[in-house]
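Secondary and tertiary structure notes
Residues per chain, in single letters:
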Amino acid sequence: AADLAVRIGPAPAGESYLRIDRVVDAARTAGADAVHPGYGFLAERADFARAVEDAGITFVGPRWQAIAALGDKLAARRGAVQAGVPVVPGTFEPALVERPDQVEAVLDAARVIGFPLMVKAAAGGGGRGMRRVNTPEELPAALVAGSREAAATFGDGSVYLEREVRPARHVEVQLLGDNEGHLVALGERDCSIQRRHQKLVEESPAPGLTRDQRVKLHEMAVRAAAAAGLTNAATAEFLLDPAGSFWFLEVNARLQVEHGVTELVTGLDLVREQFLIAAGAPLSEAVVAAAALAADPSRHAIEIRLSAEDPANVFAPAPGRIGRWWMPAGPGIRVDTALEAGERIPPDYDPLIAKLMVDAADRATAIARLRRALDEVEITGIQTTLPFDRALVRNPRFLAGDVSTDWVAEEWDGQAERARAIELAVVVAAMAATASPGAPNRAPVGPGVPGTTGSAEPAGTPKPARTGWARAARQDAVDRWPS
Amino acid sequence: AADLAVRIGPAPAGESYLRIDRVVDAARTAGADAVHPGYGFLAERADFARAVEDAGITFVGPRWQAIAALGDKLAARRGAVQAGVPVVPGTFEPALVERPDQVEAVLDAARVIGFPLMVKAAAGGGGRGMRRVNTPEELPAALVAGSREAAATFGDGSVYLEREVRPARHVEVQLLGDNEGHLVALGERDCSIQRRHQKLVEESPAPGLTRDQRVKLHEMAVRAAAAAGLTNAATAEFLLDPAGSFWFLEVNARLQVEHGVTELVTGLDLVREQFLIAAGAPLSEAVVAAAALAADPSRHAIEIRLSAEDPANVFAPAPGRIGRWWMPAGPGIRVDTALEAGERIPPDYDPLIAKLMVDAADRATAIARLRRALDEVEITGIQTTLPFDRALVRNPRFLAGDVSTDWVAEEWDGQAERARAIELAVVVAAMAATASPGAPNRAPVGPGVPGTTGSAEPAGTPKPARTGWARAARQDAVDRWPS
Amino acid sequence: MAELTAGDDPIGPLPGVVDNTADPIQAGSVRVRVRESMGIDLGPWTVDPEGHPDVRVRQLDEARAVIDAAWTTDLGAIPVVLGNVEPASRSGARRREVVVGGWRILLDVEPEASARLRDRARRGRGDVAHTGPLEVRAIIPGRVVAVSVAEGDLVEAGQQLLVVEAMKMQNELRSPRAGTVERIAVGVGQTVDLAALLLVLR
Amino acid sequence: MAELTAGDDPIGPLPGVVDNTADPIQAGSVRVRVRESMGIDLGPWTVDPEGHPDVRVRQLDEARAVIDAAWTTDLGAIPVVLGNVEPASRSGARRREVVVGGWRILLDVEPEASARLRDRARRGRGDVAHTGPLEVRAIIPGRVVAVSVAEGDLVEAGQQLLVVEAMKMQNELRSPRAGTVERIAVGVGQTVDLAALLLVLR
């Protein structure tokens, strides 16, 4: 892929990345043996997988029949129930939105589920077509609005009802299956920290689960996916309620953005395993070994999705051109990105700009490492989610593993945080405006050692090492001192 | 350490980093509870460790008595023999260099060892005081010259004789011990690729060893170090001869530059474990578990020492100022460095500028990943060892695991490699001189797809993905094409 | 540290920042204005760079610093990146980008003494800026998916003007003040660049 | 691709590089000289940028390219970084840094046509460069640990002149040509910067 670039259309995804015909044509023209669909755009579209196979090219992902079966959320719910997996209480057939004579039947079903409840699209996720309904009176309008949005987004207006599990944690299980019927779970990820039903942070293992909970969760995930004949890579999503019960949500029949945290915990290269499976190999020894340890994870990994968004303004996209760009590195740090200084972030696609991952022997160490790594990130030119991430890794509830999908709403006050930063920026800008070059503003020297930079922290306050800053501080002290 | 910088003297190490009094003073003034000596300068100096402890500060490393015992290479050889560990055949007491009446006795000993043999310094390593002796006639002069160099370098002119094991591989074992007498091996590293008796590349596990060899090697390493009362972190070095036998060389009573490859294979943070041990803790569960798996490694890691050296000119140091600086990142890549664009590499210290590490499930995958990562490194302004590394990871002998300490002499012709690069640079510079901005020289479009960049590789040649270049290539195709 | 109220400060008093009506000014004082999106400013404040013992800034190199500020320690020592500096429009100020703990803040900075000279000159002419037309410009590049007002409409502060879609998300643009829609410069479906004129309020 | 011998080429014939005595020159031809350490040059060669079908260069952006060259494929596709460009001294050439597969090469590049004009002018004056004094300068910063010759000594090409220690390693500096040591500018123990004058040969 790196050695050949093929134009598939103009920037808007609808005219390029979402055009099945153009992508398949490009693969055919390039003489590709296989197509890996990534984790966006067409990755979970059964008709794309089918078109690739029809062109005689191997699709590196689940079989198109399984993608189709799991893409119909109602069919997936029915399959899970038949496999004995508890699903979020709700309906199993599309609500008859266009039939006034059926309103009472829908309302009856809704009363059984209980309010508040969710209207959800049968054909897809990502919050599209989803409506929260607080009272029976709101239901008819919510059904119509949700159905219209679903029709516009997915080309299918089917919607159904689901109980609102709240507060809830979003916990998902990584699955890998070969073509010989072996399907295994490779541990779970907690992805509760979300905005707009989209993930901001993911970690593995999910904090606070018992071994029994893990075993049960993994086993449910395998059952739900096996029922749909799943092969290759997929993720089964569950809600975890405060009582400790898991409720099946859906199976995403593709690699996920956050697959890297599972790679760090298991030591696997999931994309490589996908290719091996697509080439007809059985699950590798390494996968089987990792699956055997899935309920006894010995590492902890966390991923931050660094996005070009304004966390003081409902995480609104903030495209632009990057000025400075410096990412952390070193032990236990993995950064997946394609960007560098000077590059433009176009408004046409998802605002994700880098995935910053850390791993360590335990969660506390991983968070300490992440805290240090976040303070080494240097980006100018665009607003990013970095301030949110810095606050998160210092938040007592997050440190205690007390997360939920309401975390952002309950814990994050972006405007207040930004206001505090403005106060500091005003002072810093004034200082920078008057400081002459070569005479930087410096705090009074600490312990009275010539050539020593001071720290304003009281002695004994442990602070994580920051390599980039440490180097600069060292240089400041050494280079500027007359020898 | 990152929050406070203390000046200990001017740039020359002899007036700063090697001044025990100044470093201890700095630690005392800063109110340090503990000192980690790193892996250079004073890290392996018993008198430094003792001075730190005398100041009431914890030394994060072996006890000074163990450092002293292992720093005397002859004492270490005697200890190993007593512990039943085979040492390189040679003498066990200092050669009486200044006694003309003892020349015959030394020659007799040398004839028993056999020629060629090595004269080595009892007080240190790094090739200082070392002389190769081909015939009995050369021995007296070599003893005098080696002794003088040893005296000048280490303040101790004691030298001894050792058989030259050649061809040989350099294989070393990572050790970790607590203060309760537990000492374990955490796998071995092959560091055979060297120039000037200094390592260029390290990998773990050592390729081609059987499980029995590993078990035996690790056990010998523990015995040799335990004999000296070793605690905390150290490395036992061995030579591996073509018959498959290991010969004890010495124990380095400190962390090594290349400790990262062991961290990648074991999942441990060795520096953290050093601190825990120094704080009085027993070996952690993770260390004990890693030690139990040491003979059955399930990952492979390789480290490239990227240095500011000219590999066409006997790897001579090439200090200077860095222009562009871009390091690879992503899955399985770890880069330890303190540098960035625009920084000066001073001539005062070791020319190491970055440690580029990769890990993967097996050696072939690790090398493929390293090959891709090396092609993503972009450094201008200074000459580095990068051309050597690029050639290494494509060399059939290296790919086959056929390494030895003679590898560089036998396989690397830096001047010829550079001459080929000059031929290409001349053509590229001419092209760049005539290309107008916005009209880059581009190869004819490959498969005839509009907007497609061509690859000159024949179809079917597998090439590793290169993310940075891929991105640039994509941008080239997408941005430049009229929409 | 004394807390003094700043001029027209929408984010509350700034600790240690001196009210810009105070006289006489400190030598070296600086006038700072924060440029927000939609042409909205915060401030100005008159800041004495020497007058902030609580805001301890360790400068690391020409582009980096760390703030060790006691009243913000729940977020740890805060990394600062000093970004771009360029002339600000229509004044002697310089526009500076400061990234504080990841927050990207754009500020116009100029010596207080020269700012006051300009103030006096402007008072002489009469300042009409606040009653003149206000150009509403795109704060992100994207596609206009809705225009919620018509030319001639009276709008209130906070009223939705139009919706721009970017990066899979819809962004409502609201009116920064009350006024009349004088002109609408874009239509639904149109792609707009950053800072493109969307409409004019009077 | 025809292999033609280059002028005073110490590294063997360059494939596809045209002898600089060839006439008439191709339009767009470029004269390239490789600047090595110690003031030694390789070349010059006259290169027709269009005349190298075997050297396939894919330029990725203004600073990066990849060479897919059939005769070098045992090292794979070779990454190229185009580094600094600055005026070269004493000519109309520009000095360019090119990093090919990690090898940092400095080259002086100028249009062949203007180079020939200068050649003719110089021939008119008589070129004395090759018999004049040669300044030997430090190719790395470091400390002089040995001076192996004295002023007035006759030296041969390749003879050791002095030893500079840098980064724990001793570097011998050898004479680039035969001559007489006219002046020695440094002493043992002295620290020298990059390009500092060490001695002068005549």
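Residues numbered from 1 in each chain as written. Chains lettered and ligands numbered in written order. Predicted model: local features only at pLDDT ≥ 70, side-chain atom pairs only at ≥ 80, totals over all residues. Heavy atoms only, no water.

Side note on the overall build of chain A
Tallying secondary structure elements over chain A gives 16 helices and 21 strands in all. Counting every position in chain A, which comprises 483 residues, the buried fraction comes to 55%. Taking the intrachain contacts of chain A between residues at least 6 apart in sequence as the baseline, contacts between residues at least 24 apart amount to 65%. As displayed, chain A has an accessible area near 18,400 Å², and 54% of this comes from carbon and sulfur atoms. (Helix = DSSP H or I, 4+ residues; strand = E, 2+ residues; numbered from the N terminus. Buried < 20%, exposed > 50% of the residue type's maximum accessible area, 1.4 Å probe, protein only. Contact = heavy atoms within 4.5 Å. Areas by Shrake-Rupley, 256 points an atom, 1.4 Å probe, with all protein chains shown as cover.)

Overview of the overall build of chain C
A tally of regular secondary structure across chain C gives 1 helix and 17 strands. Burial analysis of chain C (202 residues in total) assigns 46% to the buried set. Put simply, 44% of the contacts in chain C that link residues at least 6 apart link residues at least 24 apart. Summing over all exposed atoms, chain C offers an accessible surface of approximately 9,800 Å²; the carbon and sulfur share of this is 51%.

Remarks on the sheet that holds strand β4 (residues 131-133) of chain B
Each strand in a sheet pairs with its neighbour through backbone hydrogen bonds, running either in the same direction (parallel) or in the opposite one (antiparallel). Residues and elements named next belong to chain B. The strand order β4-β3-β5 describes an open sheet built from 3 strands, whose pairing is antiparallel. Where the open sheet ends on each side, the last strands, each with one partner, are β4 and β5 (159-163). Pairs of neighbouring strands in the sheet enclose a mean axial angle of 30°, with direction left out of account. (Pairing = 2+ DSSP bridges. Axes fitted to C-alpha atoms, helices over the stretch in contact; angles between N-to-C directions.)

Here we look at a nonpolar patch on the surface
Residue and element names in this part refer to chain A. Together, Tyr17, Leu18 and Phe41 line one region of the surface with nonpolar side chains, adding up to about 250 Å² of accessible area. Position of Tyr17 among the secondary structure elements: in the segment before α1 (20-30). Looking at Tyr17, the relative accessible area reads 30%, which means it is partly exposed. (Patch = residues over 30% accessible without salt bridge, like charges linked within 9 Å, V, L, I, M, F, W, Y side chains within 5 Å. Salt bridge = Lys/Arg side-chain N within 4 Å of Asp/Glu carboxyl O.)

A look at the side chain of Asp359(B)
Residue and element names in this part refer to chain B. Mapping Asp359 onto the fold places it in strand β20 (residues 352-360). Owing to a relative accessible area of 11%, Asp359 belongs among the buried residues under this scheme. The residues contacting Asp359, other than those within four sequence positions of it, are Leu264, Arg299, His300, Ala301, Gly332 and Arg369.

Thoughts on the environment of Ala27(B)
All names here are of chain B. The topology assignment puts Ala27 in helix α1 (residues 20-30). Residues Ala27 and Ala419, 392 residues apart in the sequence, show an inter-C-alpha distance of 50 Å. Beyond its immediate stretch of four places on either side in the chain, Ala27 contacts Ala32, Val35 and Ile57.

Regarding helix α5 (residues 103-113) of chain B
Each α-helix turn comprises 3.6 residues. Residues three or four places apart therefore point the same way. Residues and elements named next belong to chain B. Residues of α5 that are buried: Val106, Leu107, Ala110 and Ile113. One side of α5 holds all its buried residues, which, seen down the axis, span an arc of 115°. Contacts made by the buried residues of α5 are with β3 (117-121), α6 (139-154) and β5. Just beyond α5, the residue with positive phi is Gly114, at close to 100°. (Arc of directions from axis to C-beta.)

Some remarks on the pairing of strand β3 (residues 30-35) of chain C
All names here are of chain C. One ladder, built from 6 bridges, connects β3 with strand β9 (residues 103-111); its direction is antiparallel. What sits directly across from Arg35, in β9, is Leu106. Of the strand pairs in this sheet, β3 and strand β4 (residues 41-47) are connected by 5 bridges, and their pairing is antiparallel. By the bridge assignment, Arg31 is partnered in β4 with Thr46.

Some remarks on the sheet that holds strand β5 (residues 159-163) of chain A
Residues and elements named next belong to chain A. On the basis of which strands lie adjacent, the open sheet formed by 3 strands has the order β4-β3-β5 and antiparallel pairing. Edge positions in the open sheet fall to β4 (131-133) and β5, since each of these has one partner strand only. Strand after strand, the sheet turns through a mean of 30° between neighbouring axes, direction not considered. The sheet contact formed by strand β3 (residues 117-121) and β4 spans 3 bridges and is antiparallel. Among the inter-strand pairings, Met118 is bridged to a residue of β4, identified as Arg132. In this fold helix α4 (residues 73-82) packs onto β3 and β5, with an angle of close to 45° to the strand it touches most, β5.

Some remarks on the pattern of salt bridges
The final tally for this structure, using the stated rule, is 101 salt bridges over all chains. The shortest N-O distance in the salt bridge between Glu202(A) and Arg305(A) comes to 2.7 Å. Highlighted residues: Glu202(A) in strand β10 (residues 201-204) and Arg305(A) in strand β13 (residues 300-307), separated in sequence by 103 residues. Comparing Glu202(A) with Arg305(A), the two get one shared label, buried. Salt-bridge contacts for Arg394(B) lead to Asp375(B); the nearest nitrogen and oxygen are separated by 3.2 Å. On the criterion of sequence distance, the pair formed by Arg394(B) in the loop between α12 (386-392) and α13 (396-399) and Asp375(B) in helix α11 (residues 363-376) is long-range, its members being 19 residues apart.

Focus on the environment of Ala80(B)
Residue and element names in this part refer to chain B. Position of Ala80 relative to the elements: it lies in helix α4 (residues 73-82). Residues Ala80 and Val251, 171 residues apart in the sequence, show an inter-C-alpha distance of 9.9 Å. Look past the residues within four positions of Ala80 in its chain and what remains in contact with it is Val85, Val87, Ala224 and Phe248.

Thoughts on helix α11 (residues 363-376) of chain A
Residues and elements named next belong to chain A. Across its 14 residues, α11 extends 20 Å between first and last C-alpha, which sits within 8% of the 20 Å expected from 1.5 Å per residue. Burial runs high along α11: 11 of the 14 residues are buried. If you check which residues of α11 are buried, you get Arg363, Thr365, Ala366, Ile367, Arg369, Leu370, Arg372, Ala373, Leu374, Asp375 and Glu376. Two or three places before Ala364, at the start of α11, stands the capping residue Asp362, its side-chain oxygen 3.3 Å from that residue's backbone nitrogen. (Expected span 1.5 Å × (residues − 1). Polar contact = N/O pair within 3.5 Å; in protein donor to acceptor, adjacent residues only side chain to side chain.)

Things to note about the packing of aromatic side chains
Counted under the stated rule, the structure contains 20 aromatic pairs over all chains. Between Phe315(A) and Phe388(A), the aromatic rings sit 5.4 Å apart at their centres with planes inclined by 80°, giving edge-to-face as the arrangement. With Phe315(A) in the loop between β14 (309-310) and β15 (316-317) and Phe388(A) in helix α12 (residues 386-392), this pair connects stretches of sequence that are 73 residues apart. Of the two residues examined, Phe315(A) and Phe388(A), each falls in the buried class. With a centroid separation of 6.1 Å and 85° between ring planes, the pair formed by Phe41(B) and Tyr349(B) is classed as edge-to-face. With Phe41(B) in the loop between β1 (34-35) and α2 (46-54) and Tyr349(B) in the loop between β19 (344-345) and β20, the pair connects residues that are 308 residues apart, well separated along the chain. A relative accessible area of 21% means that Tyr349(B) is categorised as partly exposed. By the ring-pair criterion, three or more aromatic residues cluster together here, those being Phe315(A), Phe388(A), Trp407(A), Trp412(A) and Trp103(C). Directly above the aromatic system of Phe92(B) lies the positively charged group of Arg77(B), at a separation of 4.6 Å from the ring centroid. The positively charged end of Arg363(B) is found above the aromatic ring belonging to Phe398(B), 4.7 Å away from the centroid. (Phe/Tyr/Trp six-rings, centres within 6.5 Å; stacked < 30°, edge-to-face > 60°. Lys NZ or Arg CZ within 6 Å of the ring centre and 35° of its normal.)

Points about unusual backbone geometry
A negative phi angle characterises most non-glycine residues, just as the trans form characterises most peptide bonds. In this structure, the amide linkage connecting Arg166(B) to the following residue, Pro167(B), adopts the cis form with an omega of 0°. Inspection of the secondary structure assignment puts Pro167(B) in the loop between β5 and β6 (169-177). Cis geometry marks the peptide bond from Ser204(B) to Pro205(B); its omega dihedral reads -5°. For His197(A), which is not glycine, the phi dihedral falls at a positive 60°. Tracing the chain through its elements places His197(A) in the loop between β8 (194-195) and β9 (198-199).

By themselves, these figures tell us nothing about what the structure is for.
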